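Per-entry structural report
Here is what each chain is made of, one letter per residue.
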Amino acid sequence: MARILIGVSGGIAAYKSIELARLATQAGHGVRVLVTANAERFVGAATFEGITGAPVLRGEFDPDPARGAYPGDPTPEHAPISHLALAERADAMVVAPASVNTLAKLAAGFCDSMLTTSFLTTRAPRIVAPAMNGRMWEADATQANTATLRERGVTILEPAEGALASRGERGRGRMQEPTEILAAIEAALASAPPREPAPEPLPLAGVRVLITAGGTREAIDPVRFIGNRSSGRMGIALAIAAAARGAEVTLIAANVTLPVPPGIERVEVTSAAELATAAGSAFENCDVLLMAAAVADFRPTGAAGDKLAREGSGGLELHLEETEDVLAGLGVRRRPGQVLVGFAAEHGGDFVGRARGKLERKGIDAIVVNDVSDAAIGFESEENEVTIVEREGELLVPRADKAVVAEAILDRVEALRS
Ligand code: CTP
C-alpha cells in the first residue's frame, strides 16, 4: 500500500477531497493531508484527521506531531530534521482541488505553505485536479500555468464540463470526481519506477559512545610532570570510526595534540584525577565505554606550589601515591546493557594472560591488549597489532593501521551489544 499526500486548496470542491481521502484510506493507503489557509474556509481539518487518522499540516514551519510518518508507518523516535519529510516519503502527491491561485503557485514554484513546498520538492508522481470558475480555467494565465506543469511531468486532471458552483452557471471548471482522481493516483503508482530501498540505519545510530584517549600528566610542580608516551591516536581512530557508524561520541582527551573531526564532543583533561571526574560524570549516560587513555598509576604526593629550584637542592626525591583506578570504579557502577572495554599495553611474556586478569579485576567485557616489547606498534605508531580478549575467547587483529584496528574493535563492541 502506498503513502499518498493530498493537498487541498481553497474552493467549494474541497468537500470532494474529503471523499477522496476516505476512498484512498479505505483502499488501504496511508494518507496525509495538507491544507492551505483558504481550504479551511471550506472544510475543517478535523474531518480529514478523523478520516485519515493523522494530523493535518498547514504552514511549512509547523511541526508535524506524527514526525513525518504516514498512517501504518511506525512513528519515528525523533522528529525529522527536514520539514519535507512527508514530501520525501510520499509515493504520490495529488493537489485536489487546485484553485486558480494554487495552480499558479505550483507552476511558479512558490513555497509559502506546506502544500506548495511539498509539491515543489517531492520526487513522487504529482497529480493536479483543478477546480474553478470556467472563465478562470480558460484564462490565458491559467492555461499557461497548466501547460508548464504538464511539461514538467505533472498529470493534470482537466476539470469537467457541467454545472458550476455559482447558481445557474455552467462551463468547464468542475473538479473530477474522487473515484477518477483515485484511479489516476493508482495508475501513477503502477507506472512509477520502484523507489530505491531506504538505506539501512547505521549500526551504532543513537548509541552513545564515551572514549578516553591520550595520556595523563601528574604535576611535580607548576612546570614539571610525570607523563607517558600515549599520543591518543588509537582513541581518536576509535572516535572517528564510531561516529562514522552513527554513534554519538564524547572523547575525553588527555593531552592529545591531534585534532578530531567536527561532530565529536571533546572534553580536555590533564591529570588522572581530572579524567576520573570527567569520565565519572559522562559514564551514566553512555552505552559504550572505550577506555583507551593511558592513565597514570601513580602521582607525586602533593605537587609543589612553586617551581622546584635545582640550586641548593642536593637532588630530588619524589614520593608517589597511587591514583584511583578509573575503569575499575566505573566497572562497579555499570548498569545492565553498557559495554565496557579496557586497553592494556603489556611488555612481552604472557601478555594475554595478564590482560585477562585485568578484565576480571576491572569488571569489564573486553580488553584490547598490545605487546609494547615490539617497537613497531603501540604508543606513537600509526599502526597497531592487538588481541581483543573477551570473557569468552580472544581475537588477534594483525598489524594494521589504527583505523583498521578501530573497526575490528567496534565490530566486537557491536557483537557484545547484541
Ligand atoms: N586505567 C584506569 N585508571 C588507572 C589506570 C588504568 O582507568 N589509574 C585503565 C586504562 O585506561 C586501561 C585499563 O585500565 O583501559 C588498563 O590499564 P593498565 O595501566 O594496563 O592497568 P593497571 O590496572 O594499571 O595495570 P598495571 O598494574 O599493569 O599498571
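Rules of the game
- Per chain, residue numbering runs from 1 following the sequence as it is written.
- With the structure being a predicted model, the display of local features is reserved for residues of pLDDT at least 70 and the display and counting of side-chain atom pairs for 80 or more, all residues being used for whole-chain, interface and lining totals.
- Each side-chain value is worked out from all heavy atoms of the structure, with water and hydrogens disregarded.
- Paired strands, as defined in this entry, are two strands with at least two bridges between them according to DSSP.
- Secondary structure is summarised from DSSP: a helix means a run of H or I of at least four residues, a strand means a run of E of at least two, and numbering begins at the N terminus for each.
- Each axis is a line fitted through C-alpha atoms, and for a helix only the stretch in contact is used; angles between axes span 0 to 180 degrees, taken between their N-to-C directions.
- As annotated, the domain borders come from an automatic or database domain assignment.
- In this description, a nonpolar core means a group of buried Ala, Val, Leu, Ile, Met, Phe, Trp, Tyr and Cys residues linked to one another through side-chain atoms lying within 4.5 Å.
- Accessibility here uses a 1.4 Å probe with only protein chains present; expressed as a share of the type maximum, an area under 20% marks a residue as buried, one over 50% as exposed, and anything in between as partly exposed.
- By definition in these notes, contact holds between two residues if any of their heavy atoms fall within 4.5 Å.
- The nearness test applies per residue and asks whether one of its heavy atoms lies within 4 Å of the molecule or strand.
- Between N or O atoms, a polar contact is any pair within 3.5 Å; within protein, one atom must be a potential hydrogen donor and the other a potential acceptor, and residues adjacent in sequence are included only when both atoms are from side chains.
- The Shrake-Rupley method, run with a 1.4 Å probe sphere, supplies the accessible areas, and residue values consider only the shown protein chains as cover.
- Under the scheme applied, nonpolar residues are Ala, Val, Leu, Ile, Met, Phe, Trp, Tyr, Cys and Pro; charged residues are Asp, Glu, Lys and Arg; polar residues are all the others, including Gly.
- When describing relative orientation, an angle under 35 degrees is termed roughly parallel and one over 145 degrees roughly antiparallel, while 65 to 115 degrees is termed roughly perpendicular and anything else oblique.
- Crossings are classed by handedness, with left-handed meaning an anticlockwise turn of the near helix from the far one by less than a right angle and right-handed meaning a clockwise turn.
- Salt bridge, as applied in this entry: a Lys or Arg side-chain nitrogen positioned within 4 Å of an Asp or Glu carboxyl oxygen.
- Only the six-membered ring of Trp is used, alongside the rings of Phe and Tyr, when aromatic pairs are assigned; centres must lie within 6.5 Å, and planes under 30 degrees apart are stacked while those over 60 apart are edge-to-face, with the rest tilted.
- Should the NZ of a Lys or the CZ of an Arg lie within 6 Å of a ring centre and within 35 degrees of the ring normal, that charge is described as sitting over the ring.

**Structural notes on the pairing of strand E6 (residues 160–163)**
With four bridges joining them, E6 and strand E7 (residues 170–174) adopt antiparallel strand pairing. Residue pairing for E7: Gly-162 is matched across the bridge by Gly-171. Linking E6 to E7, which pair antiparallel, is a turn of six residues; within it Gly-168 sits at a positive phi near 80 degrees.

**Section: the sheet that holds strand E5 (residues 155–156)**
Strand pairing in a sheet relies on backbone hydrogen bonds. The paired strands run either parallel or antiparallel. The sheet built from five strands is open, its strands ordered E2-E1-E3-E4-E5 with parallel pairing. Looking along the sheet, the strands with just one partner apiece sit at the ends: strand E2 (30–35) and E5. Here two bridges tie strand E4 (residues 126–130) to E5, and the two strands are oriented parallel to one another. In the strand pairing of E5, Ile-127 is matched with Thr-155.

**Thoughts on the sheet that holds strand E17 (residues 366–371)**
The sheet built from eight strands is open, its strands ordered E12-E11-E8-E13-E16-E17-E18-E19 with mixed pairing. Looking at strand neighbours, the two that pair on one side only are strand E12 (265–269) and strand E19 (394–401), the edges of this open sheet. Taking each pair of neighbouring strands and ignoring which way they run, the sheet shows an average axis angle of 20 degrees. Strand direction decides the pairing type here: strand E13 (residues 288–291) and strand E16 (residues 339–346), joined by four bridges, are parallel. Within E16, the position partnered with Met-291 by the bridge is Gly-342.

**What to know about the domain arrangement of the chain**
Quite often, the size of an interface is put as the accessible area lost when its parts meet. For the chain, the assigned domains read domain 1 (3–191) and domain 2 (208–304 + 320–417). Placing a centre on the C-alpha atoms of domain 1 and another on those of domain 2 gives a separation of 56 Å.

**Details of the nonpolar core**
Nonpolar side chains in soluble globular proteins generally cluster together in the buried interior. In this structure, Val-209, Ile-211, Leu-238, Leu-251, Leu-290 and Ile-409 are the most contacted members of the largest nonpolar core, which totals 36 residues. Contact partners of Ile-409, with chain neighbours within four places excluded, come to Met-234, Leu-238, Phe-343, Val-368 and Ile-388. Judged by nonpolar contacts, the second largest core, of 32 residues, contains Ala-21, Ala-24, Val-31 and Val-43.

**Observations regarding the site of the ligand**
Within the structure, the ligand sits among 15 residues, and Met-291, Asp-297, Leu-327, Lys-358 and Lys-362 are positioned closest to it. At 2.8 Å, a backbone N or O of Ala-293 approaches an oxygen atom of the ligand. In this structure, an oxygen atom belonging to the ligand sits 2.6 Å away from a side-chain N or O atom of Lys-358. For the ligand, whose accessible area on its own is 570 Å², the fraction buried by protein is 77%. Residue assignment for the shell around the ligand shows that the elements contributing at least two residues are helix H11 (326–333), E16 and helix H12 (351–362). With three residues, E16 is the largest single contributor of residues to the shell around the ligand. Split by residue class, the shell around the ligand holds eight nonpolar, two polar and five charged.

**Description of the side chain of Glu-390**
By the secondary structure assignment, Glu-390 is in strand E18 (residues 383–390). Owing to a relative accessible area of 8%, Glu-390 belongs among the buried residues under this scheme. With sequence-adjacent residues up to four places away left out, Glu-390 is seen in contact with Arg-356, Leu-359, Asp-365, Ala-366, Arg-412 and Leu-416.

**A few points about the packing of helix H4 (residues 100–108) against helix H7 (residues 140–151)**
The interhelical angle for the contact between H4 and H7, taken along N-to-C directions, is 45 degrees, at an axis separation of 9 Å. Here H4 lies oblique to H7, going by the angle between them. Relative to H7, H4 is oriented so that their crossing is left-handed. Packed against H4, whose contacting residues are Val-100, Leu-103, Ala-104, Leu-106 and Ala-107, the element H7 presents Thr-142, Asn-145, Thr-146, Thr-148 and Leu-149 at the interface. Residues belonging to the contact of H4 with H7 are distributed by class as follows: six nonpolar, four polar and no charged.

**Details of the pattern of salt bridges**
Throughout the structure, instances matching the rule amount to 27 salt bridges. Note that Asp-112 and Lys-105 form a salt bridge whose closest N and O atoms lie 2.6 Å from each other. When the shortest N-O distance is used, the salt bridge between Glu-158 and Arg-150 registers 2.6 Å. One salt-bridge network, held together by shared partners, links Arg-245, Glu-407, Asp-411 and Glu-414.

**Let's talk about the environment of Thr-155**
Inspection of the secondary structure assignment puts Thr-155 in strand E5. Residue Thr-155 is classed as partly exposed on the basis of its relative accessible area of 35%. Those residues in contact with Thr-155, other than ones at most four positions away along the chain, are Arg-126, Ile-127 and Val-128.

**Details of the packing of aromatic side chains**
By the definition in use, this model includes zero aromatic pairs. Stacked on the ring of Phe-119, the Lys or Arg Arg-126 has its end atom at 4.5 Å from the ring centre.

**Notes on unusual backbone geometry**
Along the chain, Ala-96 connects to Pro-97 via a cis peptide bond; the corresponding omega equals -5 degrees. Of note, Pro-97 is situated in strand E3 (residues 92–98). In this structure, Arg-67 is a non-glycine residue whose phi angle is positive, near 55 degrees. On the secondary structure map, Arg-67 appears in the loop between helix H2 (45–52) and helix H3 (85–89). Phi angles above zero are rare outside glycine, and Asn-255 is one such case at about 60 degrees. With respect to the helices and strands, Asn-255 occurs in the loop between strand E11 (248–254) and E12. On the basis of relative accessible area, Asn-255 is assigned to the partly exposed category, the value being 22%.

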